[in-house]
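As a plain string of letters, each chain reads:
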Amino acid sequence: MSTVAPFGSWHSPISAETATVGLAAGQIAAPSYVGVVGDEVWWVQPRPGEGGRTALVRRDADGTADSLLPAPWDVRSRVIEYGGSPWAAAPDATGTLAVFVHCADQRLYAVRVDRGRCSTPRPLTPVSPVGAGLRWAEPELDLVRGQVRCVLEEFTGEGAGDVRRLHAAVPLDGSAAEDRSAVRELAPATHRFVSQARLSPDGRHAAWIAWDHPHMPWDAAELRIAEVDADGGLRQTRTLTGGPGDPVAQAEWLPNGMLVAACESTGWWNLYAVDTGTGERRPLHPAAEEFAGLQRLGLRWFRPLPDGRLAVLHGVGAQRLAVLDPERGELADVPGPADEWLPHLDAAGDRIVGVAASSRFPYTVVEVDTATPALVTSRCAPGFTVDSAYLPLPVPRVFHGPGGRPVHAQVHAPRNPRFAGPPGEVPPLVIWAHGGPGLRAPLALNPEIAYFTSRGITVAEVNYAGTPGYGRAYRERLRGQWGVVDVEDCATVARALIDEGTAAAGRVAIRGVSAGGLTAALSVAAGDLYAGATLFYPVVDLVSLAAGGTHDFESHYLDTLVGPPHRTDLYRARSPIHQADRITVPLLVLQGTQDVICPPAQATAFAQALSRHTQQHVFRTFEGEGHGFRRQSTLIACLEAELRFYGDVFGFAPS
């Protein structure tokens, strides 16, 4: 028999410590950058309980998974701050040679692995001199030439814009560990941003994507191709296809030499065969769904199979795994329980490996046998385990905002078999606004959500306009309207849930992460719909960001999200720091001291502005944390503080 208790006060077996085992960077701690190495599968895995480091994990042929490198080795690249693939490995005559980027110094290291035992890492790249930092991403081993090809990011001055990015080769013999001049630049730095250059099967050509300011890659990335000389250098470089208004997200070579690219010319990311001479494109499977997404570095939505087919992710909203025959255009979905796949695919032989999740299990490394095809291996990473009776059952829904425009969301109702709310009462509701703003709330088990729903709090994740996965038109609805349309979409969901009786007026809060923090802060400044807001490392001062107060990759992002930088009126109107006098409800603001994307000075100034108008806010900083919290101690403190905050806002005593 259930115990009747106020919503929010229910006792739950999901403690903050239990929930944060499956969290990292304030998000679900998903494995990433998965790859096949001989008979093994390797990936990187966040470890919040180990100081927030990222471990390089190896799973051998019998299914045993372990970390290759002990703490404090932290395998993570910081190129363009968001990083890219930080490791590469290949079997050779004496075992396996691996290279990786260590986060603390951003140097590239090499190790030898033999029967699971790892040698002491030896540096391949030099210590960065002051004012000329070196970072590396997307390493690929070239054992024939005795080098590792990388994307090199080199800072040439103190400003965020004093930087060059290019393709480079680092000798495997360690000669560049003390000598920057031993690093060979494979091609001039002709673009502000480049992805790794993928070699054709015959090794004669390389293809990559590139873009420049003021564009983001999903607005203007172009597909570049070059001839490869005997030393691995890139020459005769030219643009094949893509560019402003016709971006390319990814390109891969098939075993027969066909070049396949994901392009968005139809308003959906579809796959095309690209003629390497003329750049002409032939669609492989035209469809009103996404076969790619918003590219940064190292994301792979499709991978070639040895028989000429493609392992692909596709869908509207959530993406699922399928196998595509590029000659016939036939698409066959892979059966299995996964609702969500991340763009971290790899393939070798009859195997496809990736990262998948569902509303019933968290992100984990999975493997598919293409001969079947069927999901054959799962749960290859440390996971969150709890009685399923305490887990929410999310319901994907489409609401309708002004003018009937669709708003995608998923609603997680309270669920706890031991408790029920008082008769006639409805649970408090918290609207979640994701970051990015070009990210998406996935339909995957999130222990953080379960922490709240198992205590009697409803969570509604809003994939507001601007969210990828629903076509270009839905994404570009945010163009020039950030801080307006996203606020309206969150309010649409909140009001609809109130109208249907799922929530009650006066018992709705909003929570925002990073860019979602701006949405949440402007939402509480806009009216009396919300009773409070929680902001994680929020964007609060667009004027400062537009003036160079953020990192290089996103330094012109606001040009499309808000408007031309000279429109200071728009920037001020959509900056929470300039709306502080209109915020009359409690706020909880959580900020890392080492955040280079949303600098802590902004959050501090915002808290000071709030103090001049109201005392109803809590501002907490976390030493050593960046943009996205990684240490379990921080994650626990934030989760417990957030629950106490909602107890104060909604008038319940947390268990």
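Our subject in this report is the structure included herewith. Bear in mind that the values here come from a model prediction, so they are computed numbers and not experimental data.

**Some words on the packing of helix 5 (residues 485–499) against helix 6 (residues 515–525)**
Okay, step 1: Look at helix 5 against helix 6: their axes get within 9 Å of each other, and the N-to-C directions meet at 70°. As judged from the angle between their axes, helix 5 and helix 6 are roughly perpendicular. Contacts between helix 5 and helix 6 involve Asp486, Val487 and Cys490 from the first element and Leu518, Thr519, Leu522 and Ser523 from the second.
Okay, step 2: Its residues placed into classes, the contact of helix 5 with helix 6 shows four nonpolar, two polar and one charged.

**Some words on unusual backbone geometry**
Okay, step 1: In this structure, the amide linkage connecting His213 to the following residue, Pro214, adopts the cis form with an omega of 10°.
Okay, step 2: Within the fold, Pro214 resides in the loop between strand 19 (205–211) and helix 2 (217–220).
Okay, step 3: In this structure, Pro437 follows Gly436 across a cis peptide bond, with omega equal to 5°.
Okay, step 4: Along the chain, Pro437 falls in the loop between strand 38 (429–433) and helix 3 (447–453).
Okay, step 5: Residues other than glycine seldom take positive phi values, yet Glu138 does so here, at roughly 60°.

**Overview of the packing of aromatic side chains**
Okay, step 1: One pass over the full model with this rule turns up 21 aromatic pairs.
Okay, step 2: Taking the centre distance of 6.0 Å and the plane angle of 85° together, the rings of Tyr82 and Phe553 count as edge-to-face. On the criterion of sequence distance, the pair formed by Tyr82 in the loop between strand 7 (65–67) and strand 8 (87–92) and Phe553 in the loop between helix 7 (542–546) and helix 8 (557–561) is long-range, its members being 471 residues apart.
Okay, step 3: Phe553 gets classed as buried once you look at its relative accessible area, which sits at 1%.
Okay, step 4: Relative to Phe629, the ring of Phe622 has its centre 5.4 Å away and its plane inclined at 55°; by these criteria the two rings are tilted.
Okay, step 5: On the basis of relative accessible area, Phe622 is assigned to the buried category, the value being 8%.

**What about the pairing of strand 36 (residues 406–412)?**
Okay, step 1: Burial analysis of strand 36 places six of its seven residues in the buried class, the great majority of the element.
Okay, step 2: Of the strand pairs in this sheet, strand 35 (residues 395–400) and strand 36 are connected by six bridges, and their pairing is antiparallel. By the bridge assignment, Pro396 is partnered in strand 36 with Gln410.
Okay, step 3: The antiparallel pairing of strand 35 with strand 36 creates a hairpin that spans five residues between the two strands, and Gly403 there sits at a positive phi of about 75°.
Okay, step 4: Here strand 36 pairs with strand 39 (residues 458–463) via five bridges, running antiparallel. Paired with Ala409 across the bridge in strand 39 is Val462.

**Overview of the environment of Ser454**
Okay, step 1: Structurally, the position occupied by Ser454 is in the loop between helix 3 and strand 39.
Okay, step 2: With 237 residues separating them in the primary sequence, Ser454 and Pro217 have C-alpha atoms 40 Å apart.
Okay, step 3: Apart from residues lying up to four places away in sequence, Ser454 is in contact with Trp10, His11, Ser12, Ile14, Tyr390, Arg415 and Asn416.
Okay, step 4: Of the polar contacts made by the side chain of Ser454, one reaches the backbone oxygen of Ala450; its length is 2.7 Å.

**Points about the pattern of salt bridges**
Okay, step 1: If you walk through the whole model with that rule in mind, you get 43 salt bridges.
Okay, step 2: The partner of Asp246 in a salt bridge is Arg281, and the shortest N-O contact between them spans 2.9 Å. Of the two residues, Asp246 is situated in the loop between strand 21 (234–242) and strand 22 (248–253) and Arg281 in strand 25 (residues 281–283); the sequence distance between them amounts to 35 residues.
Okay, step 3: Each of Glu138, Glu140, Arg149, Arg198, Glu252, Arg300, Arg303 and Asp346 takes part in one network of salt bridges that share partners.

Reading the values: the criteria
- Residues numbered from 1 in each chain as written.
- Predicted model: local features only at pLDDT ≥ 70, side-chain atom pairs only at ≥ 80, totals over all residues.
- Heavy atoms only, no water.
- Axes fitted to C-alpha atoms, helices over the stretch in contact; angles between N-to-C directions.
- Helix = DSSP H or I, 4+ residues; strand = E, 2+ residues; numbered from the N terminus.
- Parallel < 35°, antiparallel > 145°, perpendicular 65-115°, else oblique.
- Contact = heavy atoms within 4.5 Å.
- Nonpolar A, V, L, I, M, F, W, Y, C, P; charged D, E, K, R; others polar.
- Phe/Tyr/Trp six-rings, centres within 6.5 Å; stacked < 30°, edge-to-face > 60°.
- Buried < 20%, exposed > 50% of the residue type's maximum accessible area, 1.4 Å probe, protein only.
- Pairing = 2+ DSSP bridges.
- Polar contact = N/O pair within 3.5 Å; in protein donor to acceptor, adjacent residues only side chain to side chain.
- Salt bridge = Lys/Arg side-chain N within 4 Å of Asp/Glu carboxyl O.

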